[in-house]
Amino acid sequence: MEVDPFSDLMIDSPAFLEELDGRMSCPKCGKSRKYYCYTCYLPVKGIADKIPSVKLPFKIDIIKHPSECDGKSTSGHARVIAPDDVTIYTYPCIPDYPNRDRVVLLFPGEESINMEALGEKFSNGVCKVTEEDKKGVSKDSTGEYSDMVYVSHEKVSLDVDQTSAGILKDNSSPSSDRKPQETSESAESLSQLDADNTTNKKRKLLSDNVDFKRSKLTCEDTKSSEVKPPFDTVIIIDSTWNQTKRISSDERLKGLTCVELKTRQSNFWRHQKDLPSTYLSTIEAIYYFLRDYHEVFMNLDQYDGRYDNLLFFFTFMYKKIRKMYDGGNKLRAYQQRKEKSKSDSNIG
C-alpha cells in the first residue's frame, strides 16, 4: 500500500474520528456503530456537524446486491457525505425512471461509451436553456440568455468497482499523477503531520488565486448558475463482479445508455481474488465518474477539488488499515495481488 496516494486531494481532516472513544449510537435506530450507521446512513451522535458535505450536479442511484455486506460496502460513504443526491436501493428494488433518456448506467459492455461520446450523444453541440432554467440565469451583454453548450474533450473508459462499477476496456494511462511511494517511516510521519496544513493551503490558493476561465459550457454569471447536466441520474451497481450479471441484465435497466470510465488503479483494501487492481470500489467509481464528468462537461482550466471529500471515509480507512497491517504487507488482499502480478509477469 502506498504511503499516501491521496496527497494531491483536498480532503478535510479526519482527526476527530481518531478521537472517538469506542462505538456510538445511531441517532435514528439507536444501534451501536463506528463513525456512521451503515443502515440509516447517518453519522453517529456528536459528529454530524464535522462530517464534510458534497453537493453533486446530478442524482446517483446505487443498486446494491442483497448479498453485499452493509458494513463493508463503500457505497454508504457516498450516501453519508452527499445525502441530498445519493440514494441506495437493495436489489430487486429499482426505482422507476419515466424519462429514461435522462438516465445513464455506469457499467461496461460492448455498447458502452466513454464520457466524451456521452457528451456528443446528449448535446449535439447545444443544450438550450428552458424557461425554468432562465430563472436566476443572467443575461449576456446583448440582453439575451446564454445557451449552455456541452463540449466533449477527452476519451474516457470504465473500470468496474471492486463491486461492479466496471470492467476495463480502455488502456489509457491514469489522469492523475501520483508521487513516488515513500519507503521510510519518517517520511510517512512527516506526511501525516503536514496533511491538514497542505489541505488548507490548497483550498486557499484555489479560492484566492485561481481565475477559472469557462467556455460556453457555463452561463456568464457563474455565481447564479451552474452547468445543467445532460442527464439527471447515474445508476451504479454495488456488487462483486461475479454477482453483477443478475442486476445488469434486469429488464428495467435494459436500453439505458451505458458509460465507461478511464482506467485507474484502485486503492481499495478488499481486493477481489483473480481480478486486476484496476477494479474500483463503489466510492472510487463514483468519485472518478464525477471527475471525468467535470473534465469533459465543465471545461475548467483547473479542477477545484469540489468532489474530493467524497473520499473522506475511504482515505481515513485506507490509512488506518495500512497502519494496522504493516503498510499492507500483512493484508491478505495485497498478498494475493502481488502473487497475481508476479504470476502474470512470468506468463508474459
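Summarised in this report is the structure supplied together with it. (Residues numbered from 1 in each chain as written. Predicted model: local features only at pLDDT ≥ 70, side-chain atom pairs only at ≥ 80, totals over all residues. Heavy atoms only, no water.)

Some thoughts on the overall build of the chain
In terms of regular secondary structure, the chain is built from nine helices and nine strands. Put simply, 79% of the contacts in the chain that link residues at least 6 apart link residues at least 24 apart. (Helix = DSSP H or I, 4+ residues; strand = E, 2+ residues; numbered from the N terminus. Contact = heavy atoms within 4.5 Å.)

A word on helix α8 (residues 312-324)
Because each turn of an α-helix spans 3.6 residues, side chains separated by three or four positions end up pointing in the same direction. Over its 13 residues, α8 extends 19 Å from the first C-alpha to the last, a length consistent with the 18 Å expected when each residue adds 1.5 Å. For α8, the set of buried residues is Phe312, Phe313, Phe314, Thr315, Phe316, Tyr318, Ile321 and Arg322. Downstream of α8 by one or two residues, Asp326 has phi in the positive range, about 55°. (Expected span 1.5 Å × (residues − 1). Buried < 20%, exposed > 50% of the residue type's maximum accessible area, 1.4 Å probe, protein only.)

Overview of the nonpolar core
Within the largest apolar cluster, 56 residues are counted, with the highest numbers of intra-cluster contacts made by Leu17, Leu56, Ile60, Val234, Phe289, Leu310 and Phe313. Not counting residues up to four positions away in its chain, the partners in contact with Ile60 are Asp85, Val86, Thr87, Val234, Ile236 and Ile286. Listed in part, the 13 residues of the second largest apolar core include Tyr91, Ile237, Ile247 and Leu253. (Core = buried A, V, L, I, M, F, W, Y, C linked by side-chain atoms within 4.5 Å.)

What to know about the sheet that holds strand β9 (residues 257-259)
The strand order across the open sheet formed by five strands is β6-β5-β8-β7-β9, and the pairing between neighbours is parallel. Bordering the open sheet on either side are β6 (86-90) and β9, each of which pairs with just one other strand. Each adjacent strand pair in this sheet contributes to an overall mean axis angle of 30°, direction not counted. Pairing analysis gives five bridges linking strand β5 (residues 59-64) to β6, with the strands arranged parallel. Bridge pairing in β6 links Ile63 to Tyr89. Packed onto the sheet, helix α7 (residues 282-298) meets β5, β7 (103-106), β8 (233-238) and β9 and runs at close to 155° relative to β8. (Pairing = 2+ DSSP bridges. Axes fitted to C-alpha atoms, helices over the stretch in contact; angles between N-to-C directions.)

Here we look at the state of the cysteines
Taken as a whole and judged by the stated rule, the model has zero disulfides. Not engaged in a disulfide, the cysteine Cys29 finds its nearest cysteine sulfur in Cys26; these two sulfurs lie 3.6 Å apart. On the accessibility criterion, Cys29 (34% relative accessible area) is partly exposed. (Disulfide = S-S within 2.5 Å.)

Quick notes on the pattern of salt bridges
A side chain with one charge can pair with a side chain of the opposite charge if their charged atoms come near. Tallied over the full model, the rule gives eleven salt bridges. Across the salt bridge formed by Lys55 and Asp85, the nearest N and O atoms sit 3.2 Å from each other. Within this pair, whereas Lys55 is found in the loop between β4 (42-43) and β5, its partner Asp85 is found in the loop between α2 (75-81) and β6, the two being separated by 30 residues in sequence. The partner of Arg252 in a salt bridge is Asp250, with the nearest N and O atoms 3.0 Å apart. One salt-bridge network, in which partners are shared between bridges, spans Lys55, Lys59 and Asp85. (Salt bridge = Lys/Arg side-chain N within 4 Å of Asp/Glu carboxyl O.)

Concerning the environment of Arg291
Locating Arg291 in the fold gives a position in helix α7. Look at Arg291 and you get partly exposed, because its relative accessible area is 22%. Once residues lying within four places of it in the same chain are set aside, the contact partners of Arg291 are Leu9, Tyr303 and Asp308. A distance of 2.8 Å separates a polar atom in the side chain of Arg291 from a polar atom in the side chain of Tyr287. (Polar contact = N/O pair within 3.5 Å; in protein donor to acceptor, adjacent residues only side chain to side chain.)

Focus: unusual backbone geometry
With omega at 20°, the peptide bond leading from Tyr91 into Pro92 counts as cis. By the element assignment, Pro92 lies in the loop between β6 and β7. Even without being glycine, Tyr35 reaches a positive phi, approximately 75°. One non-glycine residue, Tyr41, lies in the positive phi region at around 60°. Along the polypeptide, Tyr41 turns up in the loop between β3 (36-37) and β4.

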